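Summary of the model geometry
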Amino acid sequence: MDRIYMDNAATTAVAPEVLQTMLPYFSEMYGNPSSIHSTGRDARRAVDAARKQVAQAIGAQPTEIYFTAGGSESDNWAIKGTAFAKRDKGNHIITTAIEHHAVLHTCQWLEKQGFQVTYLPVDEYGRVRVEDVEKAITDKTILISVMAANNEIGTLEPIAEIGKLAHEKGILFHTDAVQAVGAIPLDVNAMHIDMLSMSGHKFHGPKGIGALYIRKGVRPDVFMHGGAQERAQRAGTENLPGIIGMGKAIELATQNLEANAARMTRLRDKLIDGILAEIPEVRLNGHRTQRLPNNVNVSIRYIEGEALLLRLDLAGIAGSSGSACTSGSLDPSHVLLAIGLPHEIAHGSLRLSLGTDTTEAEVDEVLRVLPGIVKDLRAMSVLNAETSTLGANCPFMK
Amino acid sequence: MYSEKVMDHFSNPRNVGELENPSGTGTVGNAKCGDIMKMDIQVENGVIVDVKFKTFGCGAAIATSSMATEMVKGKRVAEALQLTNKAVAEALDGLPPVKMHCSMLAEQAIHAAVEDYIKKHPEEAAGLELTQAE
């Protein structure tokens with residue numbers, strides 16, 4: 001069997017149709033969209049068409065779509081840009097403890113600049129409570145930023161309700177939808193979203209291209225000075241092939257969203273049920289149903305995530321983990337700690353994220369291989385029901 | 001990111017397990033930081049004739065445990081006390097900087113097992129100094 005790629009939350013393969021659409025824009029239709037000549041005008045038309053494709057996918061107007069270099073840039077722009085633009089109105093930002101670091105580290109940096117940030121806790125499934133958002137609002141609150149779906153545990157957040165609340169209170173609402181675009185239906189108007197971050201390579205588009213939706217009338221500070229590109233808000237010659245690829249990719253992802261989601265949900269549930277049935281002392285992280293169609297995240301007791309990933313890799317399976325050893329720090333994933341897991345359980349996490357091309361045979365193969373690897377690593381581990389400080393009947397394994 | 005030697009010791013770890021009645025045993029690390037190592041040694045006439053480890057931890061933690069057991073097996077206890085994390089890392093053709101703490105744990109686990117042995121056999125301590133002086 002070929003290698004099994006179950007790390008689609010990290011990145012996806014560029015779809016063949018997307019690549020075909022991009023290729024002419026490298027060396028045939030390579031014009032600068034700002035040029036006056038026909039080569040430039042051809043490029044401009046292609047960018048305009050891609051902007052329309054992106055806008056349609058989230059129910060926005062093309063003039064509300066700003067291309068960026070990716071999800072992290074979009075998050076940085078939305079949050080810093082709004083913070084500084086609204087400084088006269090207030091200095092308080094509300095976000096959650098489980099955001100991507102592109103949001104969290106940006107907020108932490110803003111704290112050093114004199115802003116105040118509330119990091120809302122989440123429940124055991126990773127869900128933010130709307131009433132917690134409401135309680136956190138003060139007359140200085142200028143921005144609420146809550147992710148649409150968590151990148152590690154796949155939990156879907158109640159963004160429509162939070163957006164509604166924000167608008168009732170006259171506060172801007174940003175959502176990091178990097179994992180959600182192409183996976184769940186999104187509508188910026190129905191969900192009361194003012195700014196939305198996305199990244200092309202998460203839905204079979206190319207890397208290095210993303211977008212920020214900014215509602216008409218919402219004016220975060222200019223992100224990049226030096227040119228009239230992106231309505232003079234984000235200067236720099238357009239990433240033409242990237243933009244074309246992202247437009248095609250989002251069109252494909254949203255056209256096939258329902259069918260893909262139904263298919264992946266079935267495979268996801270088969271994988272979850274299989275792991276829980278085949279391996280003792282395993283827990284599902286995140287919500288059983290309120291989760292991304294492609295996300296499986298489990299904690300396997302007594303073993304450490306990085307060792308598990310290496311063994312899976314040797315068996316031809318690519319996954320990821322929230323263990324400290326994969327993060328470069330001594331602490332495991334902030335998301336797993338935020339849902340209340342002890343370090344020991346968080347270190348043993350495994351995320352398998354399916355793609356639109358994942359097959360049932362691949363799921364079966366993972367279910368065949370994983371229990372044996374876990375058994376091997378457990379036989380090697382000093383931790384067991386007797387030695388673990390969490391005891392034999394660990395409540396987190398229920 | 002890992003050398004071939006690290007991957008070899010991770011995939012085929014040497015001396016995994018526990019000893020029935022070890023002469024000395026040492027456990028270091030904690031679950032909070034994600035690595036725990038336990039080493040058992042069997043000592044006869046001042047020589048480590050057998051050593052076993054069990055490790056909860058990442059690939060580097062398992063590989064350094066395995067390598068450390070190989071490096072002290074057949075050595076006199078005094079020599080085992082001189083095992084350094086640097087020597088373990090070098091024997092594995094190096095470790096990524098963020099993984100050097102794993103080799104520290106391996107060194108500490110071996111030292112802890114030997115110190116446990118010396119504590120249980122104080123009569124050996126005098127002989128140990130003799131050996132070191134040689």
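Everything below is about the structure shown above.
Given the structure is predicted, the values throughout are model-derived calculations rather than measurements.

Moving on, we get to the overall build of chain B. Counting its secondary structure elements, chain B contains six helices and three strands. In chain B, the succession of helices and strands from N to C terminus is α-β-β-β-α-α-α-α-α. Seen through its C-alpha atoms, chain B measures out along the principal axes to roughly 45 × 30 × 25 Å. The burial tally for chain B puts 53% of its 134 residues in the buried class. A separation of at least 24 residues holds for 63% of the contacts in chain B among residues at least 6 apart in sequence. Of the accessible surface of chain B, which amounts to about 5900 Å², a share of 51% is contributed by carbon and sulfur atoms. Positive and negative charge centroids in chain B, built from 13 and 19 side chains respectively, lie 5 Å apart.

Attention now moves to a nonpolar patch on the surface. Residue and element names in this part refer to chain A. Taken together, the side chains of Val-14, Leu-19, Leu-23 and Phe-26 make up a nonpolar region of the molecular surface, amounting to roughly 330 Å² of accessible area. Mapped onto the secondary structure, Leu-23 falls in the loop between helix H1 (16-22) and helix H2 (24-27). The class for Leu-23 is partly exposed, based on a relative accessible area of 40%.

Turning our attention to the interface of chain A and chain B. In this assembly, 20 residues from chain A lie in contact with 25 residues from chain B. Contact between chain A and chain B buries roughly 1800 Å² in total, counting both sides, with carbon and sulfur atoms accounting for 73%. Where chain A packs against chain B, one counts one salt bridge. Of the charged contacts in the structure, one is a salt bridge between Lys99(B) and Glu306(A), with a shortest N-O distance of 2.9 Å. Joining chain A to chain B, the criterion identifies nine residue pairs in polar contact (both at pLDDT 80 or more). Mapped by element, the contributors of at least two residues to the side of chain A that touches chain B are helix H11 (305-314), helix H13 (343-347) and helix H14 (360-380) of chain A. Its residues placed into classes, the side of chain A that touches chain B shows 12 nonpolar, four polar and four charged.

Further remarks concern helix H4 (residues 71-85) of chain A. Residue and element names in this part refer to chain A. Taking 1.5 Å of rise per residue, the 15 residues of H4 would be expected to cover 21 Å, and the 21 Å separating its terminal C-alpha atoms lies within 8% of that figure. Counting buried residues along H4, 11 of its 15 residues qualify, which places the element largely inside the surrounding structure. Those residues of H4 that fall on the buried side of the exposure criterion are Gly-71, Glu-73, Ser-74, Asp-75, Asn-76, Trp-77, Ala-78, Ile-79, Gly-81, Thr-82 and Ala-83.

All names here are of chain B. For strand E2 (residues 35-44), a buried count of eight out of 10 residues is recorded, marking the element as mostly surrounded by other parts of the structure. Inspection of the sheet shows strand E1 (residues 24-30) paired to E2 by seven bridges, in the antiparallel sense. When the sheet's bridge partners are listed, Asn-30 is paired in E2 with Asp-35. Following E1, the chain reverses through four residues before pairing antiparallel with E2; Gly-34 in that reversal takes a positive phi of roughly 95°. Pairing of E2 with strand E3 (residues 47-56) involves nine bridges; the strand directions are antiparallel. Paired with Val-43 across the bridge in E3 is Ile-48. Between E2 and the antiparallel strand that follows it, E3, lie two residues; Asn-45 among them carries a positive phi value of about 50°.

Residues and elements named next belong to chain A. Tallied over the entire structure, the rule returns 31 salt bridges over all chains. Between Arg-129 and Asp-132 there is a salt bridge, with its nearest N and O atoms 3.1 Å apart. Looking at Arg-129, the relative accessible area reads 33%, which means it is partly exposed. Take Asp-132: its relative accessible area is 16%, and that puts it in the buried class. For Arg-266, the salt bridge identified is with Glu-360, shortest N-O distance 2.9 Å.

Moving on, we come to the side chain of Ser353(A). All names here are of chain A. Note on placement: Ser-353 falls in strand E12 (residues 349-353). By relative accessible area, which is 0% here, Ser-353 ends up buried. At a separation of 2.8 Å, a polar atom in the side chain of Ser-353 contacts the main-chain amide nitrogen of Ala-9. Ignoring any residue separated from it by four or fewer positions in sequence, one finds Ser-353 in contact with Tyr-5, Met-6, Asp-7, Asn-8, Ala-9 and Asn-294.

All names here are of chain A. One pass over the structure, following the stated rule, counts four aromatic pairs over all chains. Here Trp-77 and Phe-223 contribute two aromatic rings whose centre-to-centre distance is 5.8 Å and whose plane-to-plane angle is 40°, an arrangement assigned as tilted. Note that Trp-77 is positioned in helix H4 and Phe-223 in the loop between strand E8 (210-214) and helix H8 (229-232), a separation of 146 residues in sequence. Given a relative accessible area of 1%, Trp-77 falls into the buried group. A centroid spacing of 5.4 Å and a plane angle of 85° characterise the contact between Phe-84 and Phe-115, whose relative ring orientation is edge-to-face. Taken together, the residues Phe-84 in helix H4 and Phe-115 in the loop between helix H5 (101-112) and strand E4 (116-120) connect sequence positions 31 residues apart. The class for Phe-84 is partly exposed, based on a relative accessible area of 23%. One aromatic cluster in this structure is built from Tyr-66, Trp-77 and Phe-223. Its end group placed over the ring of Trp-109, Lys-80 keeps NZ or CZ at 5.2 Å from the ring centre.

Residues and elements named next belong to chain A. Tracing the backbone shows Arg-301 in the loop between strand E10 (295-300) and H11. At 2.9 Å, the side chain of Arg-301 and the side chain of Ser-388 are in polar contact. Once residues within four sequence positions are removed from consideration, Arg-301 is found in contact with Glu-281, Glu-344, Ile-345, Arg-378, Ser-388, Leu-390, Gly-391, Ala-392, Cys-394 and Met-397.

The subject of this paragraph is the sheet that holds E10(A). Residues and elements named next belong to chain A. Pairing is antiparallel in the open sheet, where three strands are placed in the order E9-E10-E12. Edge positions in the sheet fall to strand E9 (282-284) and E12, since each has one partner strand and no second. On average, adjacent strands in this sheet sit at an angle of 25° to one another, irrespective of strand direction. The strands touched by helix H10 (residues 257-278) are E9, E10 and E12; relative to E10, the strand with the most contacts, the crossing angle is about 10°.

In this section: the packing of H10(A) against H14(A). All names here are of chain A. At a minimum axis distance of 10 Å, the contact between H10 and H14 shows a crossing angle of 15°. Here H10 is positioned roughly parallel relative to H14, judged by the angle of their axes. For the element pair H10 and H14, the recorded crossing hand is right-handed. Seen from H10, the contacting residues are Arg-266, Leu-267, Lys-270, Leu-271, Gly-274, Ile-275 and Glu-278; seen from H14, they are Glu-360, Val-363, Asp-364, Val-366, Leu-367, Leu-370 and Pro-371. Grouping the amino acids of the contact of H10 with H14 by side-chain chemistry returns eight nonpolar, one polar and five charged.

Parameters and conventions
- Residues numbered from 1 in each chain as written.
- Chains lettered and ligands numbered in written order.
- Predicted model: local features only at pLDDT ≥ 70, side-chain atom pairs only at ≥ 80, totals over all residues.
- Heavy atoms only, no water.
- Helix = DSSP H or I, 4+ residues; strand = E, 2+ residues; numbered from the N terminus.
- Buried < 20%, exposed > 50% of the residue type's maximum accessible area, 1.4 Å probe, protein only.
- Contact = heavy atoms within 4.5 Å.
- Areas by Shrake-Rupley, 256 points an atom, 1.4 Å probe, with all protein chains shown as cover.
- Lys, Arg positive; Asp, Glu negative; His and termini not counted.
- Charge placed at Lys NZ, Arg CZ, Asp CG, Glu CD.
- Patch = residues over 30% accessible without salt bridge, like charges linked within 9 Å, V, L, I, M, F, W, Y side chains within 5 Å.
- Salt bridge = Lys/Arg side-chain N within 4 Å of Asp/Glu carboxyl O.
- Buried area = accessible area lost by both parts, 1.4 Å probe.
- Polar contact = N/O pair within 3.5 Å; in protein donor to acceptor, adjacent residues only side chain to side chain.
- Nonpolar A, V, L, I, M, F, W, Y, C, P; charged D, E, K, R; others polar.
- Expected span 1.5 Å × (residues − 1).
- Pairing = 2+ DSSP bridges.
- Phe/Tyr/Trp six-rings, centres within 6.5 Å; stacked < 30°, edge-to-face > 60°.
- Lys NZ or Arg CZ within 6 Å of the ring centre and 35° of its normal.
- Axes fitted to C-alpha atoms, helices over the stretch in contact; angles between N-to-C directions.
- Parallel < 35°, antiparallel > 145°, perpendicular 65-115°, else oblique.
- Left-handed = near helix turned anticlockwise from the far one by under 90°.

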